Structures are given as C-alpha cells and as structure tokens.
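Here's the letter readout for the chains.
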Amino acid sequence: GRGLKSHAYIHSVQFSHHVFLNLHTLKFYCLPDNYEIIDSSLEDITYVLKPTFTAQQITNLDKQAKLSRAYDGTTYLPGIVGLNNIKANDYANAVLQVSPGLHFWGENPPWGWRGCFLAPLPQALSNVPPLRNYFLEEENYKSIQRPPGDIMFLLVQRFGELMRKLWNPRNFKAHVSPHEMLQAVVLCSKKNFQITKQGDGVDFLSWFLNALHSALGGTKKKKKSE
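As recorded in an unreviewed UniProt entry, the protein chain goes by the name ubiquitinyl hydrolase 1, listed as coming from Stercorarius parasiticus. Quoted verbatim from the Catalytic activity (unreviewed entry) heading of the UniProt record, the comment on the protein chain is "Thiol-dependent hydrolysis of ester, thioester, amide, peptide and isopeptide bonds formed by the C-terminal Gly of ubiquitin (a 76-residue protein attached to proteins as an intracellular targeting signal)."

See the structure below:
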C-alpha cells in the first residue's frame, strides 16, 4: 500500500527513496506525494518483471536465435541463462535446465542424474518447444477454471512466469531467480521437495510433470491435457 502508515511511505520519508512500483498493477508512484509516474523510460523495468510474447515472436524463436545484451553489459542467448542456486535447489534447477537433446542412461547416468546435480547442465524443460511455446503465451492457460481452494494451479502460473523470464531478450542480467517457482513447488508438493535440502531429480521431474498435467485439467486418459 501507499498509505501514511505503509512501509513504502515510511521508507520514502526516512531514506528519500521516492519511486515505487506496484508489482500487481505494474504502475509507478512517487511517495510521499503519492502520484502516479507515467514515463516510457520505465517500460524496460515492467517488461523484465512481466515479459510478453506474441505468436509471431514464439514462432521465430528457433529460426532467429541471436545473442542479447543484458543491462549489465553481459551477452546471453535467451532460453540459455543461469538459474540462481538459492540453497540446495540445484536438483530442481537441473530438471528445469537439462538439455533437450540429452539422453539418460538407466539408473546410473555418468554425471549423477539421481544425485544433487552439481554438474552444470544446459537448458531443459525450457527448451522443449511444445512445452515452451505453450507457457510463453499466458492466454493458453489463463482462463482454466480450478475448484475453490485448489493451490495446484499456482505451479502452472509460476512455471509460466519463469519460462517467460528465461526467454526474455531484454533481461537486466544473464541469470534468473527461480525463487517464486520454487516456493510454489514446496507448497504444492507439501514440502516433499524443498529449497533447503537436496532431493532426487528423477522423482522431482516425475512429480512436476504430473502436477502440471493435473493442474491443467488433465487426467489419466490420453490427450486430456497437452
């Protein structure tokens, strides 16, 4: 909020920080004067928070791959960016980032698929075109209705947000934080998968894909969710 007793208002007075962004409406305000700031130069900030893609842009992703330059000067390839390792979530990061062309070797792959994924792996689920294309366009799942009190759709929303940030060609840095996504994983898995301790990557991958399928209205019947 922006009221007289809000944290934002008090902070603006104490520290002379006057520009604030509402993360829900993506509107900027100047405090303590409390007026909206309308300035096109701020659009880069809102786009980083909520990237959007047109159908044409999605179609061209694999046809016109080119390096982007982040605000800090580093170059990166959209879709091939790092995920911050917050605590012990590297097993989840690896599942989200394994190369689409990578093959798995039975129960004991050479780099420890069932372990903690300390080895740096290229991008994964974010580079599976049908999955990527579906989640890059929020309209594909935005109107799906879920029962009252159901929390599983949060996983869909957070995964879509992360997917769009990974493919954002206008990022400020060449890495992305999966914090909100991982919080949804902890909540929706009822703490079976956590940020603070290592988990099994194969178990996580299996749970995650099935959870997405179910949250999107899928059942055990074929072609119920794609």
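A. The overall build of the protein chain, seen in detail. A count of helical and extended segments in the protein chain gives 8 helices and 7 strands. Relative to its 226 residues, the protein chain shows a buried fraction of 37%. Accessible surface, the protein chain: about 13,700 Å² in total, of which carbon and sulfur atoms supply 55%.

B. Structural detail: helix α6 (residues 153-166). With 14 residues, α6 extends 20 Å from end C-alpha to end C-alpha; this agrees with the ideal 20 Å at 1.5 Å per step. Regarding α6, the residues found buried are F153, L155, V156, F159, G160, L162, M163, R164 and L166.

C. Seen up close, the pattern of salt bridges. All chains considered together, the criterion is met by 5 salt bridges. A salt bridge links D62 to R132; the shortest N-O distance between them is 2.8 Å. Placement of D62 in the loop between α3 (55-60) and β4 (68-69) and of R132 in helix α5 (residues 129-136) is noted, with a sequence separation of 70 residues between them. Note that R146 and D150 form a salt bridge whose closest N and O atoms lie 2.8 Å from each other. Beyond isolated ion pairs, a larger network of salt bridges with shared partners links E43, D44 and R170.

D. Expanded view of the side chain of S126. In this structure, S126 sits in the loop between α4 (90-97) and α5. Within the structure, the side chain of S126 is placed 3.4 Å from the side chain of N127, a separation counted as a polar contact.

E. Examining the side chain of R164 more closely. In this structure, R164 sits in helix α6. Notably, R164 is buried but unbridged: the nearest opposite-charge side chain belongs to E138, and the N-O separation is 4.1 Å. Those residues in contact with R164 that sit more than four places away from it in its chain are P51, F53, F135, L136, E138 and Y141.

F. Region of interest: the confidence of the model for the protein chain. The pLDDT averaged across the protein chain works out to 81; a share of 80% of its residues lies at or above 70. Low pLDDT, under 50, characterises residues 99-122; the predicted model gives this stretch 38 contacts beyond four residues in sequence or across chains.

G. Representation of the environment of C30 in the model. For C30, the position within the fold is in strand β2 (residues 28-30). When its relative accessible area of 11% is taken as the criterion, C30 is described as buried. As a C-alpha pair, C30 and F20 span 10 residues in sequence and 6.4 Å in three-dimensional space. For C30, the residues in contact, after removing those within four places along its chain, are H18, Y35 and I37.

H. Structural detail: the packing of α6 against helix α7 (residues 179-188). The geometry of α6 relative to α7 is characterised by a closest axis approach of 9 Å and an angle of 160° between their N-to-C directions. Overall, the two elements α6 and α7 adopt an arrangement that is roughly antiparallel. Read as a crossing pair, α6 and α7 show a hand that is left-handed. Across the interface between the two elements, L154, L155, R158, F159 and L162 from α6 touch E180, M181, A184, V185, L187 and C188 from α7. Classifying every residue of the contact of α6 with α7 gives 9 nonpolar, no polar and 2 charged.

What counts as what
- Residues numbered from 1 in each chain as written.
- Predicted model: local features only at pLDDT ≥ 70, side-chain atom pairs only at ≥ 80, totals over all residues.
- Heavy atoms only, no water.
- UniProt positions renumbered as here; feature names shortened; annotations may be inferred.
- Helix = DSSP H or I, 4+ residues; strand = E, 2+ residues; numbered from the N terminus.
- Buried < 20%, exposed > 50% of the residue type's maximum accessible area, 1.4 Å probe, protein only.
- Areas by Shrake-Rupley, 256 points an atom, 1.4 Å probe, with all protein chains shown as cover.
- Expected span 1.5 Å × (residues − 1).
- Salt bridge = Lys/Arg side-chain N within 4 Å of Asp/Glu carboxyl O.
- Polar contact = N/O pair within 3.5 Å; in protein donor to acceptor, adjacent residues only side chain to side chain.
- Lys, Arg positive; Asp, Glu negative; His and termini not counted.
- Contact = heavy atoms within 4.5 Å.
- pLDDT = per-residue confidence, 0-100.
- Axes fitted to C-alpha atoms, helices over the stretch in contact; angles between N-to-C directions.
- Parallel < 35°, antiparallel > 145°, perpendicular 65-115°, else oblique.
- Left-handed = near helix turned anticlockwise from the far one by under 90°.
- Nonpolar A, V, L, I, M, F, W, Y, C, P; charged D, E, K, R; others polar.

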